[in-house]
Amino acid sequence: MSENIKIVKNATCTFCGCVCDDMELTVDLDKKQIIKAKNACVLGRAWFAEHTIQEGPVALIDGKESKLEDAIEEAAQTLTKAKFPITYGLSDTTCEAQRQAVAITDFIRGTIDTTTSVCHGPSGLAFQGVGESTMTLGEVKNRADFVMYWGGNPAESHPRHFTRYSVTPKGMFTPNGKKDRTVVLVDVRRTASTPVADIFLQVKPGKDFELAWAMRALVKGHTVDASIEEETGISLEVLTDLVERMKNCNYGVLFMGMGLTMTRGRHFNSGAIMALATDLNEFTHFVAKPVRGHGNVTGADNVVSWQTGYPFGVNFSKGYPRFNPGEFTTVDTLSRGDADAALIIASDPAANFPQAAINHLHKIPVVSFDTKETATSQLAHVAFRTSTYGINTGGTAYRMDDVPITLRPAFESPFPSDEEILTALKKRVHELVIAKSRSQGAGTAKVAAPIR
Amino acid sequence: MLRLNLSDGDSVRLSNNTGEFIATCKSKKIKDLPTGLIFIAYGPSSSRLMESDTGGSGMPISKNLRVQVEKVAA
Ligand code: SF4
């Protein structure tokens, strides 16, 4: 260990949507490496340990090393020449960078979408349809005595969700931690999270909606047929007991996992859970919240919403924002072959999208932003290497309960931040759009003033 | 796995109307993973089996995909 050690207190882990802001990082400034991350879970420790500085060019054009300015010029030319450019990703970068991406998309009259569309986009649609009884995780810690996870495995995906917010922490009205709470888990299979639950419901695959709807009926005092067991795998007796516990708790919370949104039923599943929480407010205080995956996917929803009025899947081709999931969401614009250029920021669709969408990504010019080489950066026409948010750059990230958190970076990176490159790209795109508009004889440019 | 005469380490082809890929089997107790269910990690392999139709939602069905399982020579 070198002599040049720095301790960063109250740093934030941005690996998952828990956005834990109680990290104490020990940084070796000579090696530019975090050597200890006190309070981090196993995923957080890996996140901090793996983000070292690797040698490499800041930008590549068609796989060849390029100067940053040349790559920005090439990216700007590519995006402004396209007829149907799309912007996608944004869940692993700061809100400040996200807002630059919205402005670029507005200038090029493109379509902006975030990883939300393949995460809790369906919950976002359900929210618009049925509303959401919501909360912060601080309230859950201090008040919740009934905690239900539906379609998720937080022990492996969000390891500190149980210990920091919802199951074991001692709160104002839950002084005995887990002893003061009833924990319920609903899933199609047993996972590492199952042992935490007092009650485990193994629902049949694809039957979440039916189960939630039967629970709604019971909450409202309707009769449910015993055949619900054959349908969902859960007996009427178990369901009746569960619903009574829910009605009689002091503060209940339903956490929704992607087991609900990624299966048949999608937004209907999430909508049923949100409606169930609302129904339960006839009897007690009940809330529902999606468990969000990436570190700042919640920030992406917030930024795109406050800039355009809609959370994801937003198109600017008419000069004003239009929202239409299924038409303007990225899996659709790629699979149908609509997109003719893509700006992909801090995400890797080439590694997890349906094959038809990946195939189209190979056919169009892609501009990528990432801290490391990925399947998407490998196919990119212009690939930028950027510094890591929360480790090398400050800014803002939103926790999954919509609480904004200021990031405290640990050490400097030789690579620029997403925000820096996107700001430069926005400037150049704006110049090109104005020049194009003038050359088309518009006289004065019909281009919106830059979004600040 | 018993029904298909499969053991740990065997290679299987998982396929549907969208695509296919070869996976290696690892058994689980029925209590943990019920009969008829296979668990695979989300990523390049699952991409090959995912349809691109999002049903107007933006979300492709990424879990609970129906697949055919065939044993293949290693
Ligand atoms: S729970 Fe998530 S945010 Fe918290 S330390 Fe672990 S990976 Fe990081």
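Residues numbered from 1 in each chain as written. Chains lettered and ligands numbered in written order. Predicted model: local features only at pLDDT ≥ 70, side-chain atom pairs only at ≥ 80, totals over all residues. Heavy atoms only, no water.

When helices and strands are counted, chain A shows 18 helices and 19 strands. In terms of principal-axis extent, the alpha carbons of chain A reach across some 70 × 60 × 35 Å. Expressed as a percentage of its 452 residues, the buried residues of chain A come to 59%. Excluding contacts between residues fewer than 6 apart, the proportion of contacts in chain A whose partners are at least 24 apart in sequence is 67%. (Helix = DSSP H or I, 4+ residues; strand = E, 2+ residues; numbered from the N terminus. Buried < 20%, exposed > 50% of the residue type's maximum accessible area, 1.4 Å probe, protein only. Contact = heavy atoms within 4.5 Å.)

Before going further, it helps to spend a moment on the interface of chain A and chain B. With 32 residues of chain A at the interface, the matching set in chain B holds 26 residues. A buried area of about 2300 Å², summed over both sides, lies between chain A and chain B, and 61% of it is on carbon and sulfur atoms. The tally of links from chain A across to chain B stands at zero salt bridges. If you list the elements that add at least two residues to the side of chain A that touches chain B, you get helix 4 (121–130), helix 11 (258–261), helix 12 (266–280), helix 14 (330–335), helix 15 (349–352) and helix 16 (355–363) of chain A. Split by residue class, the side of chain A that touches chain B holds 15 nonpolar, 12 polar and five charged. (Buried area = accessible area lost by both parts, 1.4 Å probe. Salt bridge = Lys/Arg side-chain N within 4 Å of Asp/Glu carboxyl O. Nonpolar A, V, L, I, M, F, W, Y, C, P; charged D, E, K, R; others polar.)

Glancing now at the sheet that holds strand 11 (residues 251–256) of chain A. Residue and element names in this part refer to chain A. Taken together, the five strands give an open sheet; going across it, the order is 10-9-8-11-12, and neighbouring strands pair in parallel fashion. The two strands at the open ends of the sheet, each matched to only one other strand, are strand 10 (199–202) and strand 12 (285–290). The sheet shows a mean angle of 15 degrees between the axes of neighbouring strands, direction not considered. Across six bridges, strand 11 lies against strand 12 in parallel orientation. In the sheet register, methionine 256 faces strand 12, and the bridge partner there is proline 290. Its contacts with the sheet put helix 8 (residues 208–219) on strand 8 (146–150) and strand 9 (182–187), and the angle it makes with strand 8 is roughly 150 degrees. (Pairing = 2+ DSSP bridges. Axes fitted to C-alpha atoms, helices over the stretch in contact; angles between N-to-C directions.)

This part is about helix 1 (residues 42–50) of chain A. All names here are of chain A. Within the sequence span of helix 1, burial applies to Gly44, Trp47 and Phe48. Relative to the axis of helix 1, the buried residues are bounded by an arc of 90 degrees and lie together on one face. Across from the buried face of helix 1, at angles greater than 90 degrees, the exposed residues are Val42 and Glu50. The inward-facing, buried residues of helix 1 contact strand 2 (23–28) and strand 3 (33–38). (Arc of directions from axis to C-beta.)

What follows concerns the confidence of the model for chain B. All names here are of chain B. Looking at chain B as a whole, its pLDDT mean stands at 90, while 99% of the residues score no less than 70. Within chain B, no element has a lower average pLDDT than helix 1 (residues 44–47), which sits at 89, and none a higher one than strand 1 (residues 11–15), at 95. Two summary scores accompany this predicted model of the complex, namely pTM at 0.93 and ipTM at 0.88. (pLDDT = per-residue confidence, 0-100.)

Those residues of helix 16 of chain A that sit buried are Ala357(A), Ile358(A), His360(A) and Leu361(A). Down the axis of helix 16 of chain A, the buried set is contained in an arc of 160 degrees. They therefore lie on one face. Residues of helix 16 of chain A that are exposed and angled more than 90 degrees away from the buried face: His362(A) and Lys363(A). Considering only its buried residues, helix 16 of chain A is in contact with helix 14, strand 15 (341–345), helix 15, strand 16 (366–370) and helix 17 (375–379) of chain A together with helix 1 of chain B.

Before going further, it helps to examine the nonpolar core. If you look at the biggest cluster of nonpolar residues, it comprises 42 residues, and the most contacted ones within it are Met23(A), Leu25(A), Ile34(A), Phe48(A), Val253(A) and Phe255(A). Those residues in contact with Phe48(A) that sit more than four places away from it in its chain are Thr12(A), Cys13(A), Met23(A), Leu25(A), Ile34(A), Ala37(A) and Ile391(A). (Core = buried A, V, L, I, M, F, W, Y, C linked by side-chain atoms within 4.5 Å.)

Residue and element names in this part refer to chain A. Under the definition given, this model contains two cavities of 30 Å³ or more. By volume, the largest cavity is sized at about 110 Å³. As for the largest cavity, its lining consists of 13 residues, of which Thr52, Ile53, Gln54, Thr371 and Thr388 are closest to the centre. A breakdown of the residues in the lining of the largest cavity according to their chemical character gives two nonpolar, nine polar and two charged. Considered as a void within the structure, the second largest cavity measures approximately 90 Å³ in volume. The wall of the second largest cavity is formed by 14 residues, among which Cys13, Cys16, Cys20, Cys41 and Gly44 lie closest to the centre. Its residues assigned to classes, the lining of the second largest cavity shows 11 nonpolar, two polar and one charged. A domain split of the lining of the second largest cavity shows at least three residues from each of domain 1 (5–49) and domain 3 (121–290). (1 Å grid on protein atoms, 1.4 Å probe; cavity = no way out; pocket = protein on both sides within 12 Å on 5 of 7 lines; lining within 4 Å. Points joined across faces, edges and corners; volume = space filled by probe spheres on them. Domains from an automatic or database assignment.)

What follows is about the domain arrangement of chain A. All names here are of chain A. Annotation of chain A at the domain level lists domain 1 (5–49), domain 2 (59–118 + 295–439) and domain 3 (121–290). Taken over C-alpha atoms, the centre of domain 1 sits 31 Å from the centre of domain 3. Between domain 1 and domain 3, the contact holds 11 residues from the first and eight residues from the second. Run the count over domain 1 and domain 3 and you get three salt bridges. Between arginine 164 and aspartate 22 there is a salt bridge; the shortest N-O distance is 3.4 Å. Here domain 1 is connected to domain 3 by five residue pairs in polar contact (both at pLDDT 80 or more). Grouping the constituent residues of the side of domain 1 that touches domain 3 by class yields seven nonpolar, two polar and two charged. (Polar contact = N/O pair within 3.5 Å; in protein donor to acceptor, adjacent residues only side chain to side chain.)

Now for the pairing of strand 1 of chain B. Residue and element names in this part refer to chain B. Of all five residues that make up strand 1, four are buried, and the element is covered over most of its length. Pairing of strand 1 with strand 2 (residues 20–24) involves five bridges; the strand directions are antiparallel. Considered in strand 2, the bridge of serine 15 is made with glutamate 20. Hairpin remark: strand 1 followed by strand 2, antiparallel, with four residues in the connecting loop.

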